[in-house]
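Inside the fold
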Amino acid sequence: DVKVTQSSRYLVKRTGEKVFLECVQDMDHENMFWYRQDPGLGLRLIYFSYDVKMKEKGDIPEGYSVSREKKERFSLILESASTNQTSMYLCASSRLQFSIISGNTIYFGEGSWLTVV
Amino acid sequence: KQEVTQIPAALSVPEGENLVLNCSFTDSAIYNLQWFRQDPGKGLTSLLLIQSSQREQTSGRLNASLDKSSGRSTLYIAASQPGDSATYLCAVINQAGTALIFGKGTTLSVSS
């Protein structure tokens, strides 16, 4: 069965801390994504990656960075956490670029709830 | 820039009712459209994927249609059940073909 695992479901961090959110997929997918989800704003794309060591900015990359050293793992990094980064973070993966195979499906993890105090 | 809108934002119906959720998008040049379900505090589960060349897809009590020229999709749920209570999101591929652009969702509540 397809699986995207976000290791931390609930975190509470202090303002200014460096925060790591980890995501692992077991499907050998090329694409991985980080979204954040906020009430009234929906899901917004932070960063995505097409391959190991490759990354692309999404719609709201400010205050975040990512790391993809291995194909199965995509990490989201908050360099200096701020209260406006309190949110639910969702990791996702998919097989190939959407434009190549139009029937491509994306799989999501369970989400990581981050509270910055 | 592609924008996705879902109406209504919330919907409450009694069990057994048939219902329609709406999704509209501003740029008709899409690769595909997907409908997802999200339970409270959980991730998203893909329900139906309609490729750009298709008009509709069916899975059990769910039927999704796509009209690219008018920039609209509908999700039809037949004979609704309390277990259908969740938030339903639609998403289309962005113009660069690199990621999904989501609507804000419709939260459905089905009462028994």
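Before reading further, recall that the structure is shown in the block above.
Residues numbered from 1 in each chain as written. Chains lettered and ligands numbered in written order. Predicted model: local features only at pLDDT ≥ 70, side-chain atom pairs only at ≥ 80, totals over all residues. Heavy atoms only, no water.

1. Some thoughts on the sheet that holds strand β3 (residues 19-25) of chain A
All names here are of chain A. Read across the sheet, four strands follow the order β1-β3-β8-β7 without closing on themselves; strand pairing throughout is antiparallel. On the outer flanks of this sheet lie β1 (4-6) and β7 (64-70), each paired with one strand and no other. The average angle at which neighbouring strand axes cross in this sheet is 20 degrees, direction not considered. Relative to strand β8 (residues 73-78), β3 is paired through six bridges, and the arrangement is antiparallel. In the strand pairing of β8, V19 is matched with L78. (Pairing = 2+ DSSP bridges. Helix = DSSP H or I, 4+ residues; strand = E, 2+ residues; numbered from the N terminus. Axes fitted to C-alpha atoms, helices over the stretch in contact; angles between N-to-C directions.)

2. A look at the interface of chain B and chain A
On the chain A side, the residues contacting the 21 residues of chain B number 25 residues. Of the roughly 1900 Å² buried at the junction of chain B and chain A (both faces included), carbon and sulfur atoms supply 57%. Per-residue buried area on chain B facing chain A is highest for L44, T98 and F102 of chain B; these three make up 24% of the total on that side. Ionic pairing is found between K42 of chain B and E110 of chain A, a salt bridge with its closest N-O pair at 3.5 Å. Our enumeration of links across chain B and chain A arrives at five residue pairs in polar contact (both at pLDDT 80 or more). (Contact = heavy atoms within 4.5 Å. Buried area = accessible area lost by both parts, 1.4 Å probe. Salt bridge = Lys/Arg side-chain N within 4 Å of Asp/Glu carboxyl O. Polar contact = N/O pair within 3.5 Å; in protein donor to acceptor, adjacent residues only side chain to side chain.)

3. Digging into the pattern of salt bridges
Residue and element names in this part refer to chain A. A complete count under the given rule lists 11 salt bridges over all chains for this structure. Its salt-bridge partner being E79, residue K18 comes within 3.6 Å of it at the nearest N-O pair. In this pair, K18 is assigned in the loop between β2 (10-13) and β3 and E79 in the loop between β8 and β9 (87-94), connecting sequence segments 61 residues apart. The exposure class of K18 is partly exposed, given its relative accessible area of 46%. E79 sits in the partly exposed class, given a relative accessible area of 42%. In this structure, D28 and K71 form a salt bridge, with 3.1 Å as the shortest nitrogen-oxygen distance. Of this pair, D28 sits in the loop between β3 and β4 (31-38) while K71 sits in the loop between β7 and β8; the two residues are 43 residues apart in sequence, bridging distant segments of the chain. (Buried < 20%, exposed > 50% of the residue type's maximum accessible area, 1.4 Å probe, protein only.)

4. Considerations on the state of the cysteines
Taken as a whole, this structure holds two disulfides over all chains when the rule is applied. In this model, C23 of chain A is linked to C91 of chain A through a disulfide, with the two sulfur atoms separated by 1.9 Å. Residues C23 of chain A and C91 of chain A share a disulfide whose torsion about the S-S bond is about -80 degrees; that sign makes it left-handed. Within this pair, whereas C23 of chain A is found in strand β3, its partner C91 of chain A is found in strand β9, the two being separated by 68 residues in sequence. We classify C23 of chain A as buried; its relative accessible area is 0%. One disulfide in the model links C23 of chain B with C90 of chain B; its S-S distance is 1.9 Å. Across the S-S bond of C23 of chain B and C90 of chain B the torsion is about 75 degrees, and the bridge reads as right-handed. (Disulfide = S-S within 2.5 Å.)

5. Some thoughts on the environment of S53 of chain B
Residues and elements named next belong to chain B. Summarising the element assignment, S53 is placed in the loop between β5 (44-51) and β6 (56-59). S53 gets classed as exposed once you look at its relative accessible area, which sits at 66%. Separated by 36 residues in the primary sequence, S53 and L89 place their C-alpha atoms 21 Å from one another.

What is shown is where atoms sit, not what they do.
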